[in-house]
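# Architecture at a glance
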Amino acid sequence: MMTADILAKKRGRPVAFDYEIALQNAMHAFWQHGYEGTSMSTLMAAMDMNKASIYAAYGSKEALFKKALERYVQGPASFLAASLAQPTAVAVVQLMLSQAAQMLTDQSHPVGCLVTQGALACSDESADIKTLLGGYRQTLELQLAQRFTRAVSEQDLLATTDPVVLAKLVMTVHQGMVVQAVGGATQAELFNVAAMTTQLISQAYTTVS
């Protein structure tokens, strides 16, 4: 006697999919190819789903990208938020850049940064996505500036420190590390960049030698 499951399979019931695994695969596709460079056919292959199923589960390509971006920020890039909670400004920089060196070159996922690379490849037709990604970078830079302002008030950084400029410097180094990673820089090389930047900031902006 046939069970209900066997009958359902014989009638062609689609195989159940794992929402989170499929979203992770979509995140990796966007990470590797950028928003515009990731076609629906690429997403269909990566997620092992047809177009109708993707739209039904996640919405449009733009909606899917936003979900993938949120997963990226809360997952692989979560060290950025964690770095802001460090007790000193130098510790903030040290954790942010050293963790970036590790994440950007981790071979378990595409190299580089989904946010930075995704924005660089956007045309006018994807202005909303470019604005969204730019907003993430601007927010992080603002949060860094606010954290460094607090460090000045706590006398953790020298009173002559310009928190806005220092935040811009750290973000510039971070984004440069992204380009270096995509260009083939090794994890060890980027760790050295992180260590040297941290040391120089410590020497220039604190009383600790």
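For the structure itself, consult the block above.
Before going into details, it helps to say that this report is about the structure given with it. These figures come from a predicted structure and were not determined experimentally.

This part covers the side chain of S126. Structurally, S126 is set in the loop between α8 (114-120) and α9 (127-153). Note on S126: relative accessible area 9%, which makes it buried. Here the side chain of S126 touches E36 through a polar contact of 2.7 Å, side chain to side chain. If sequence neighbours within four positions are ignored, S126 has contacts with Y35 and E36.

A few words now on unusual backbone geometry. If you check the backbone angles, D48 has positive phi at about 55 degrees while not being a glycine. Along the chain, D48 falls in the loop between α3 (40-47) and α4 (51-58). One non-glycine residue, Q155, adopts positive backbone phi at about 60 degrees. Here Q155 shows up in the loop between α9 and α10 (163-182).

Let us now look at the packing of helix α7 (residues 89-104) against α10. Put simply, α7 and α10 touch, their axes get as near as 10 Å, and they point 15 degrees apart. In terms of orientation, α7 lies roughly parallel with respect to α10. You can see that α7 and α10 cross each other, and the crossing is right-handed. Along the contact surface, α7 presents V93, M96, L97, A100, A101 and L104, while α10 presents V170, M171, V173, H174, M177, V178 and A181. Split by residue class, the contact of α7 with α10 holds 12 nonpolar, one polar and no charged.

Let us look at α4. Sitting at the head of α4, N50 places a side-chain oxygen 3.2 Å from the backbone nitrogen of A52. Directly beyond the C-terminal end of α4, a positive phi value near 95 degrees is found at G59.

The residue F17 is located in the loop between α1 (4-10) and α2 (19-33) in this model. A C-alpha to C-alpha distance of 9.2 Å links F17 and M47, two positions 30 residues apart in sequence. Filtering out sequence-adjacent residues up to four positions away, F17 remains in contact with A22, M49, A57 and Y58.

Rules used in this analysis
- Residues numbered from 1 in each chain as written.
- Predicted model: local features only at pLDDT ≥ 70, side-chain atom pairs only at ≥ 80, totals over all residues.
- Heavy atoms only, no water.
- Helix = DSSP H or I, 4+ residues; strand = E, 2+ residues; numbered from the N terminus.
- Buried < 20%, exposed > 50% of the residue type's maximum accessible area, 1.4 Å probe, protein only.
- Polar contact = N/O pair within 3.5 Å; in protein donor to acceptor, adjacent residues only side chain to side chain.
- Contact = heavy atoms within 4.5 Å.
- Axes fitted to C-alpha atoms, helices over the stretch in contact; angles between N-to-C directions.
- Parallel < 35°, antiparallel > 145°, perpendicular 65-115°, else oblique.
- Left-handed = near helix turned anticlockwise from the far one by under 90°.
- Nonpolar A, V, L, I, M, F, W, Y, C, P; charged D, E, K, R; others polar.

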